[in-house]
Amino acid sequence: MRKGLCCERWTLSLVFLWASVMPFALGQIRYSIPEEMPKGSIVGNIANDLGIELKRLVSGRARVFTSDGSEYVGLDREKGQLLVKQRMDREQLCGDISACSLSFEMILQNPMELYSITIDIQDVNDNSPVFPKNEIDQEISESALPGARFSLGGAIDPDVGLNTLQKYILQPTDHFDLNVQSSSDGSKNVEMVLKTPLDREKKEHHYLTLTAVDGGSPQRSGTVKIHISVLDINDNAPAFNQAVYKSSVFENSAIGTLVTTVRATDADEGGTTHIQYYFEHAPANVMALFAIDTESGQIMVAGPIDYEKNKQFKIKVVAKDNGGLTDSREVIIDVTDVNDNVPKITVMSFTSALPENAALGTVVAIINVQDYDSGDNGKVTCSIDRNSPFNIVPSLASYYNLVTDSALDREQISEYNITVSVVDGGTPSLSSKETLNVKISDINDNAPQFEQETYDIYVPENNSPSLSIFSVKAKDADWGPNARVSYFLEDGSLNSASYASFISINSDTGVIYATKAFDYEQMKSFIIKIKAQDGGTPPLITNATLKIFVQDQNDNTPQVLYPVQTGGSVVAEIVPRSADIGYLVTKVVAVDVDSGQNAWLSYKLQKAADRALFEVGAQNGEIRTVRQVTDKDAVKQKLTVIVEDNGQPSRSATVTVNVAVADSFPEVLSEFTDFTHDKDYNNNLTFFLVLALIVVSILFIFSVIAIISVKIYRWRQRKLFYKSANNLPVIPYYPTMYSDGTLHQAYNYEVCGTTDSRMSDVKPMRPYSQSTLVSLSRPGTVQRQREEQVDAELSLEQKPPNNDWRLPPNQRPGPSGAGPLPEGAGVVAGTGPWPNPPTEAEQLQALMAGANAVSEATATMGPRYNAQYVPDYRQNVYIPGSTATLTANPQQPPQQALPPPQAMPPTDAPKAAQTPASKKKSTKKDKK
């Protein structure tokens with residue numbers, strides 16, 4: 001076989017057949033490819049050829065279907081290509097049929113589309129001519145005359161067209177020629193013709209070579225060796241009585257069934273007239289199905305014959321006598337079809353769930369029906385039960401579509417079992433059935449339905465809020481989410497208030513609740529609309545009307561209109577002593593805002609004496625006399641009338657009627673001057689007075705507690721400041737000064753004291769000179785104890801320093817690098833190590849010393865100072881700019897802290913400008 005067939009170009013033929021009346025696509029397409037293409041080769045781009053988008057192939061789950069289940073071609077949905085899945089051998093698929101094709105279908109879903117695809121398989125020269133035998137043994141009598149014919153049997157080439165067997169070549173040709181005859185069916189009959197007589201005495205055996213050559217490119221050939229044995233004289237060869245034998249046999253005939261009988265005669269006499277029959281170069285399948293009796297020439301069935309596999313057999317029969325002479329004839333056996341194949345039903349595509357609103361003609365299933373019989377035996381009729389809303393219609397060859405024929409309603413029938421029946425035309429006919437179960441899926445085509453369009457609801461007044469007053473129910477004939485009903489109030493208002501302010505409804509159960517207490521006297525009835533909505537898309541809605549009637553309850557007491565009860569004056573009815581029985585004194589008029597029997601009023605006296613003078617009408621409230629007035633009857637009569645309604649339980653009201661039995665008004669006036677009125681004290685006023693007294697008392701107690709708390713807090717703060725004042729370290733600062741002892745500039749100090757600063761003394765002193773020192777031990781500091789003020793008047797003369805707290809030079813708080821002044825200094829600005837301010841390290845050293853002293857004093861609850869190393873800052877004060885120190889110890893005179901100063905060159909110190917603040921300070925010092 002030639003390589004690279006997949007790269008060859010082939011012819012593509014497209015034939016489309018679109019059905020305009022069907023709701024699905026129908027089409028046919030044809031490809032032509034060579035046989036023996038390798039696996040994975042591209043047959044064609046079905047997407048481009050049919051104009052189908054690639055995403056449609058994917059979404060429609062396109063697939064390839066073959067009726068026999070073979071898988072020679074596959075579909076690549078991602079690329080839209082048909083690919084070879086299995087090598088296709090034309091000779092295996094179609095045999096000796098020149099027009100070989102492979103048919104299958106491509107099916108798409110949603111919507112259903114069916115395309116018929118045919119692939120013509122072109123033959124390639126992949127087979128060489130093959131003889132049935134490698135060597136042919138032929139016996140020929142030496143008496144055979146030139147022109148005698150000897151059948152050789154042809155070679156077999158399964159290819160077709162130009163690729164099949166084209167010619168034979170015989171070598172050598174000194175005694176024989178080759179005669180090739182073509183039959184009507186295209187087969188070739190090869191005969192060897194004697195050209196010159198044979199002489200057994202000269203050459204007993206002859207060897208020839210017969211070559212069969214096809215017409216393919218490249219050309220292929222096959223050879224067979226011919227061995228000829230020369231026999232003695234046999235003048236006549238056997239001869240058949242017919243040129244061609246034709247017969248027929250039914251498929252599935254029993255083994256041993258006689259098909260036909262061939263007969264040949266021989267004109268010779270003697271032993272050479274015995275003739276034997278045999279098949280010449282018969283293929284293996286023929287030898288498996290038929291057999292020939294060598295003596296009688298009867299051809300019989302030897303195996304199962306299937307019309308669907310072989311419809312005709314051509315067999316060459318040879319008759320040979322004992323002399324070696326032969327004759328051959330062709331026997332043609334036609335196979336008669338028998339209805340032995342049941343129609344086969346294959347469901348290509350099926351939609352098991354169909355929406356109930358499916359349009360007429362919607363394809364439910366695509367069915368393929370195959371009957372391998374022929375003629376009437378292969379003609380099928382497909383049908384379904386007509387008592388269903390479906391129909392089956394033919395589409396392509398051997399295909400039927402199950403479509404909807406009428407409207408569907410899931411609420412009536414939710415499921416159909418459709419039986420598809422297929423019957424062929426044979427005798428007797430064969431049939432098959434297939435049942436399809438189609439479920440009708442629900443759509444939201446039914447709105448919820450209330451049990452009533454209008455509901456009358458009776459609710460007693462004064463109901464509690466959130467009281468369940470009624471329940472509605474709506475049913476939906478749909479299924480699933482489409483049948484889930486929710487209940488809502490319609491948008492609307494009643495007396496400028498929304499419906500929701502009157503009632504609410506549970507959206508799931510339909511229970512209606514009152515959201516407020518109803519009052520019959522304000523609203524006797526009202527109308528509200530509700531709706532039921534299902535869960536479909538889009539939802540369907542049904543409305544209903546609620547007529548709510550408020551039922552009256554006996555919740556109002558009777559109200560007396562007359563006589564009017566006033567607290568400031570006394571109203572009395574006058575009855576003359578001469579009044580007859582039945583005299584109308586007055587009439588009590590009362591009303592009840594309730595309705596029905598709750599508003600029926602009855603009247604009666606509260607206390608009726610044994611000899612009562614008056615009575616009241618039970619229905620009309622009229623007060624009349626029941627007897628004559630006597631002298632024993634009091635002038636002042638007080639009647640209490642009870643007005644009672646007819647409710648359950650009943651409610652009542654009382655009214656007091658003052659009656660005066662007298663003949664004249666002055667008599668009545670004198671009697672009623674001392675009339676004691678019942679005084680009703682206002683209990684509410686007493687309650688508020690008591691409440692006000694309690695509130696005032698509570699406020700007073702809280703105020704006293706707050707004042708005491710503030711006093712205690714201040715006292716504790718003052719005590720805390722006293723305890724912490726002695727622990728504050730003092731870091732001296734030494735400002736620069738001129739040579740005469742004055743400062744470079746004026747310094748203002750702000751003194752901050754504790755809360756009890758008024759208990760300490762701050763004494764400004766007058767300026768000092770070279771011979772005078774001012775005690776500065778107290779400015780800027782607050783003394784803790786009053787006994788430290790005993791020496792208030794300090795000596796103004798310089799005293800020698802106290803030797804008890806003198807420090808070594810390396811431990812003095814002054815700067816460590818101070819040296820003697822230069823010689824010849826004219827002005828004494830102080831002696832010792834104080835001319836320059838301390839460095840930061842020295843200030844830090846002093847701060848640490850003070851902190852250590854504070855920690856020691858705190859640990860021992862009192863000051864503990866070592867007089868040998870640390871100066872007592874509480875008793876001694878360094879004077880900035882001077883070598884002198886002040887001490888508060890009255891028993892120790894002032895000491896000179898440093899050696900006498902040396903003279904420095906005289907310098908003129910500038911005088912500081914006097915500010916208003918300094919003037920004021922000087923004046924205060926003078927007064928001091």
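That block above? That's the structure.
Positions within a chain are numbered from 1, following the residues in the order the chain's sequence is written. Whole-chain, interface and lining totals are the exception, using all residues; otherwise, since this is a predicted model, local features are given only for residues with pLDDT of at least 70 and side-chain atom pairs are given and counted only at 80 or more. Each side-chain value is derived from all of the structure's non-hydrogen atoms; neither hydrogens nor water enter the calculation.

A. Structural view of the overall build of the protein chain. By definition, any uninterrupted DSSP run of H or I lasting at least four residues is a helix, any uninterrupted run of E lasting at least two residues is a strand, and each is numbered from the N terminus. A count of helices and strands for the protein chain gives eight helices and 54 strands. Only protein chains enter the accessibility calculation, which uses a 1.4 Å probe; a residue whose area is less than 20% of its type maximum is buried, one above 50% is exposed, and one in between is partly exposed. In the protein chain, which comprises 928 residues, the proportion classed as buried is 37%. Within the protein chain, contacts between residues at least 6 apart in sequence are counted, and of these 67% link residues at least 24 apart. Element-wise, carbon and sulfur atoms account for 52% of the exposed surface of the protein chain, whose accessible area totals about 53,100 Å². Residues count as neighbours in contact if any of their non-hydrogen atoms are within 4.5 Å of one another. For every accessible area listed, the method is Shrake-Rupley and the probe measures 1.4 Å; residues are considered covered only by the protein chains on display.

B. Region of the structure containing the environment of Asn-339. Residue position: Asn-339 is located in the loop between strand S24 (326-336) and strand S25 (344-350). Placed 35 residues apart in sequence, Asn-339 and Ser-374 show a C-alpha to C-alpha distance of 8.2 Å. Other than its neighbours up to four places away in sequence, Asn-339 contacts Asp-373, Asn-377, Asp-424, Gly-426, Thr-427, Pro-428, Ser-429 and Leu-430. Within the structure, the side chain of Asn-339 is placed 3.3 Å from the side chain of Asp-424, a separation counted as a polar contact. Side-chain polar atoms of Asn-339 contact the backbone oxygen of Pro-428, separated by 2.9 Å. Distance and chemistry together define a polar contact, namely a pair of N or O atoms within 3.5 Å, with one atom able to donate a hydrogen and the other to accept it when in protein, and with adjacent residues in sequence counting only for side-chain atoms on both sides.

C. Quick peek at the state of the cysteines. Disulfide: a pair of cysteine sulfur atoms within 2.5 Å of each other. Applying the stated rule across the entire model yields one disulfide. The partner cysteine of Cys-94 in its disulfide is Cys-100, sulfur to sulfur 1.8 Å. Looking down the S-S bond of the Cys-94 and Cys-100 bridge, the torsion is 65 degrees, so its handedness is right-handed. For Cys-94, a relative accessible area of 15% corresponds to the buried category. With a relative accessible area of 4%, Cys-100 lands in the buried category.

D. Representation of the sheet that holds strand S41 (residues 511-514) within the structure. In this description, strands pair whenever DSSP reports at least two bridges between them. Overall, antiparallel pairing links the three strands, which are arranged S35-S41-S40 in an open sheet. Looking at which strands have only one partner, the edges of the open sheet turn out to be strand S35 (467-471) and strand S40 (503-505). Adjacent strand axes in the sheet meet at a mean angle of 30 degrees, parallel and antiparallel pairs treated alike. Sheet topology places S35 next to S41; four bridges connect them, and they run antiparallel. Paired with Leu-467 across the bridge in S41 is Ala-514. Throughout, an axis means a line fitted to C-alpha atoms (over the contacting stretch in the case of helices), and angles, computed between N-to-C directions, take values from 0 to 180 degrees.

E. Representation of the pairing of strand S50 (residues 622-625). Where strand S46 (residues 584-587) lies against S50, three bridges are found, and the strand directions are antiparallel. Each residue of the ladder has a partner; that of Thr-586, found in S50, is Ile-623. With three bridges joining them, strand S49 (residues 614-616) and S50 adopt antiparallel strand pairing. Paired with Phe-614 across the bridge in S50 is Thr-625. Remark: five residues form the turn of the hairpin made by S49 and S50, two consecutive strands paired antiparallel; Gly-621 in that turn has positive phi of roughly 75 degrees.

F. Focus on a nonpolar patch on the surface. To count toward a patch, a residue needs a relative accessible area over 30% and no salt bridge; like charges are then connected within 9 Å, while nonpolar side chains (Val, Leu, Ile, Met, Phe, Trp, Tyr) are connected within 5 Å. Should a side-chain nitrogen of Lys or Arg be within 4 Å of a carboxyl oxygen of Asp or Glu, the pair is scored as a salt bridge. Nonpolar side chains collect at one region of the surface, where Phe-700, Ile-701, Val-704, Ile-705, Ile-708 and Ile-712 lie side by side and expose about 570 Å² of accessible area between them. Residue placement: Val-704 occurs in helix H6 (residues 683-725).

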